[in-house]
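# Observations on the model geometry
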Amino acid sequence: MQRQVALIKQSLFDQGYLDEQFMALEELQDDANPNFVEEVSALYFKDSARLINNIDQALERGSFDFNRLDSYMHQFKGSSTSIGANKVKAECTMFRDYCRAGNAEGCLRTFQQLKKEHSTLRKKLEHYFQLARQAGPKETARRPK
């Protein structure tokens, strides 16, 4: 079971969903708080759902307030960076670039892709954490080879 958990984590890195920040979070996890990374991830997904909703509402209005959209996406990018959500972070960066260029179509297109990447990461991490809980305690976190 531990091997399966390690392979899933490796695939998340190989496919570009996670970066080194995720490993840094795992290094903070210890016996006193064995679910630290899962709890931080749950907070991320709760907060990012709120941001997605705010951005959706702002985009639905049709009049693009690029400064407000950029501000929301700045928050989203910061949260994504803090848990190592690499693909989501990349989409946030592109969205912000489109905001700065005043490109509404680019914002809409990138936001749809961001939501797909966010949803995929959520599913993959839920599966990873579920298997990790079933496998039980593991050795010290380290970057998969």
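On a predicted model such as this, the values are computed, not experimentally measured, just so you know.

On to the side chain of Asp-70. Among the secondary structure elements, Asp-70 is positioned in helix α4 (residues 66-83). In this structure Asp-70 touches Arg-96, Cys-99 and Arg-100, once residues within four positions along its chain are discounted.

The next subject is helix α6 (residues 104-135). A rise of 1.5 Å per residue sets the reference length of α6, with its 32 residues, at 46 Å; its end C-alpha atoms lie 46 Å apart and thus fit the reference within 8%. Of the positions making up α6, those classed as buried are Gly-106, Cys-107, Thr-110, Phe-111, Leu-114, Glu-117, His-118, Leu-121, Leu-125, Tyr-128, Phe-129 and Leu-131. On its buried face, α6 sits against α1 (2-14), α2 (20-28), α3 (36-60), α4 and α5 (86-101). Measuring from the backbone nitrogen of Glu-105 back to the side-chain oxygen at the start of α6 gives 3.2 Å, which picks out Asn-103 as the cap. Gly-136, located one to two residues past α6, shows a positive phi value of around 85 degrees.

So, on to the nonpolar core. Ranked by internal contacts, the top residues of the largest apolar core, which has 36 residues, are Ile-55, Phe-76 and Leu-125. When contributions to this core are tallied by element, the ones reaching two or more residues are α1, α2, α3, α4, α5 and α6. Setting aside residues no more than four positions away along its own chain, Leu-125 makes contact with Leu-12, Leu-18, Phe-22, Ser-41 and Phe-45.

Our focus in this paragraph is the UniProt feature "domain: HPt" (unreviewed entry) in the protein chain. The feature "domain: HPt" (unreviewed entry), as given by UniProt, occupies residues 33-128 in the numbering adopted here. With 88% helix and 0% strand, the stretch residues 33-128 has end C-alpha atoms that lie 18 Å from each other.

This part is about the UniProt feature "modified residue: Phosphohistidine" (unreviewed entry) in the protein chain. Taking the numbering used here, the UniProt-annotated feature "modified residue: Phosphohistidine" (unreviewed entry) corresponds to His-74. Tracing the sequence through the fold places His-74 in helix α4. Take His-74: its relative accessible area is 48%, and that puts it in the partly exposed class.

As a packed pair, α4 and α6 sit with axes 13 Å apart at the nearest point and diverge in direction by 25 degrees. The angle between the axes of α4 and α6 places the two elements in the roughly parallel class. Pair α4 / α6 crosses with left-handed handedness. For the pair α4 and α6, contact is made by Phe-66, Met-73 and Phe-76 and by Ala-104, Cys-107, Phe-111, Leu-114 and His-118, respectively.

Calculation criteria
Going along each chain's sequence as written, the residues are numbered from 1 onward. Per-residue local features are limited, in this predicted model, to residues with pLDDT of at least 70; the limit for side-chain atom pairs, both in listing and counting, is 80 or more; totals at the level of whole chains, interfaces and linings are taken over all residues. Derived side-chain values reflect all non-hydrogen atoms in the structure, with water molecules and hydrogen atoms excluded from consideration. Helix and strand definitions follow DSSP, with helices as H or I runs of at least four residues and strands as E runs of at least two, each counted in order from the N terminus. Note on definitions: a residue-residue contact is assigned when non-hydrogen atoms from the two residues lie within 4.5 Å. What a helix is expected to span follows from its residue count: subtract one and scale by 1.5 Å. Only protein chains enter the accessibility calculation, which uses a 1.4 Å probe. A residue is then buried if its area is under 20% of the maximum for its type, exposed if over 50%, and partly exposed in between. In the analysis that follows, any N or O atom pair within 3.5 Å is treated as a polar contact, provided that within protein one partner can donate a hydrogen and the other can accept it, and provided that, for residues neighboring in sequence, both atoms belong to side chains. Here the nonpolar core consists of buried residues drawn from Ala, Val, Leu, Ile, Met, Phe, Trp, Tyr and Cys, with membership extended through side-chain atoms lying within 4.5 Å. UniProt positions are given in the numbering used here, feature names are shortened, and annotations may be inferred rather than shown by experiment. To obtain each axis, a line is fitted to C-alpha atoms, and for helices this fit is confined to the stretch in contact; angles are then taken between N-to-C directions over 0 to 180 degrees. Orientation categories follow fixed angle ranges, with anything under 35 degrees roughly parallel, anything over 145 roughly antiparallel, 65 to 115 roughly perpendicular, and all other angles oblique. Rotating anticlockwise by less than a right angle from the far helix to the near helix defines a left-handed crossing, while the corresponding clockwise rotation defines a right-handed one.

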